[in-house]
Amino acid sequence: MSYAVSFDATVLTLQTEGPANGPVVLLVNGLGMTTDSWGRVPELLADRHRVVRYDLRGHGRSGNAPADDYSLEAHAQDLAAVLAEVVPDGCLLYTS
């Protein structure tokens, strides 16, 4: 397991599977859930992708927010911190 630290020092626990040089797939669980809620999805994707999932602040193995901030904005900044940690060179590829 690895970690990302968000803007307010909240520690977010990351789980990574798959080849280090594979395209990154980031799985974000819903509120009240943990990384375990994905079931077999990470395993099924990990043969060709670097699958990263993280527990939201105050969920699972991630830390509670120091200032008790669980706002949508705080969650968005957490996502940005995770992306900065796991996406090489800050490059994102969007497909439709």
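Now for a look at the structure at hand.

Reading the values: the criteria
Residues numbered from 1 in each chain as written. Predicted model: local features only at pLDDT ≥ 70, side-chain atom pairs only at ≥ 80, totals over all residues. Heavy atoms only, no water. Core = buried A, V, L, I, M, F, W, Y, C linked by side-chain atoms within 4.5 Å. Buried < 20%, exposed > 50% of the residue type's maximum accessible area, 1.4 Å probe, protein only. Contact = heavy atoms within 4.5 Å. Helix = DSSP H or I, 4+ residues; strand = E, 2+ residues; numbered from the N terminus. Polar contact = N/O pair within 3.5 Å; in protein donor to acceptor, adjacent residues only side chain to side chain. Patch = residues over 30% accessible without salt bridge, like charges linked within 9 Å, V, L, I, M, F, W, Y side chains within 5 Å. Areas by Shrake-Rupley, 256 points an atom, 1.4 Å probe, with all protein chains shown as cover. Salt bridge = Lys/Arg side-chain N within 4 Å of Asp/Glu carboxyl O. Pairing = 2+ DSSP bridges. Axes fitted to C-alpha atoms, helices over the stretch in contact; angles between N-to-C directions.

Thoughts on the nonpolar core
Across soluble globular proteins, you tend to see nonpolar side chains buried next to one another.
Reasoning step 1: Ala4, Leu12, Leu14, Val52, Tyr54, Leu56, Val82, Val86 and Val87 together form the largest nonpolar core, which totals nine residues.
Reasoning step 2: If sequence neighbours within four positions are ignored, Leu12 has contacts with Ser2, Tyr3, Ala4, Ser6, Tyr54, Asp55, Leu56, Arg57, Ser62, Asp78 and Val82.

Notes on the side chain of Arg57
Reasoning step 1: In this structure, Arg57 sits in the loop between strand 4 (50-54) and helix 2 (72-86).
Reasoning step 2: Arg57 sits in the buried class, given a relative accessible area of 0%.
Reasoning step 3: Separated by 2.6 Å, the side chains of Arg57 and Asp78 make a polar contact.

A closer look at a nonpolar patch on the surface
Reasoning step 1: A surface patch of nonpolar side chains, about 420 Å² in accessible area, is lined by Met1, Tyr3, Val5 and Val11.
Reasoning step 2: We classify Tyr3 as partly exposed; its relative accessible area is 47%.

Describing the pairing of strand 2 (residues 11-17)
Reasoning step 1: Bridge analysis of strand 1 (residues 2-5) against strand 2 gives four bridges, and the strand direction is antiparallel. Paired with Val5 across the two strands is Val11, which belongs to strand 2.
Reasoning step 2: Between strand 1 and strand 2, which pair antiparallel in sequence order, lie five residues; one of them, Ala9, sits at a positive phi of approximately 75°.
Reasoning step 3: Pairing of strand 2 with strand 4 involves four bridges; the strand directions are antiparallel. Bridging from a neighbouring strand, Thr16 pairs with Val52 of strand 4.

Looking at the sheet that holds strand 2
Reasoning step 1: A sheet is described by the order of its strands in space; here four strands give the open sequence 1-2-4-3, paired in mixed fashion. In this open sheet, the two edge strands, each paired with only one partner strand, are strand 1 and strand 3 (24-28). Averaged over all pairs of adjacent strands, the angle between their axes in this sheet comes to 30°, without regard to strand direction.
Reasoning step 2: Packed on one face of the sheet, helix 2 meets strand 1, strand 2, strand 3 and strand 4 and runs near 150° to strand 4.

Focus on the environment of Leu14
Reasoning step 1: Looking at the element boundaries, Leu14 is found in strand 2.
Reasoning step 2: Along the backbone, Leu14 and Tyr54 are 40 residues apart, and their C-alpha atoms lie at a distance of 4.4 Å.
Reasoning step 3: Beyond its immediate sequence surroundings of up to four residues, Leu14 is in contact with Met1, Ser2, Tyr3, Ala4, Arg53, Tyr54, Val82, Glu85 and Val86.

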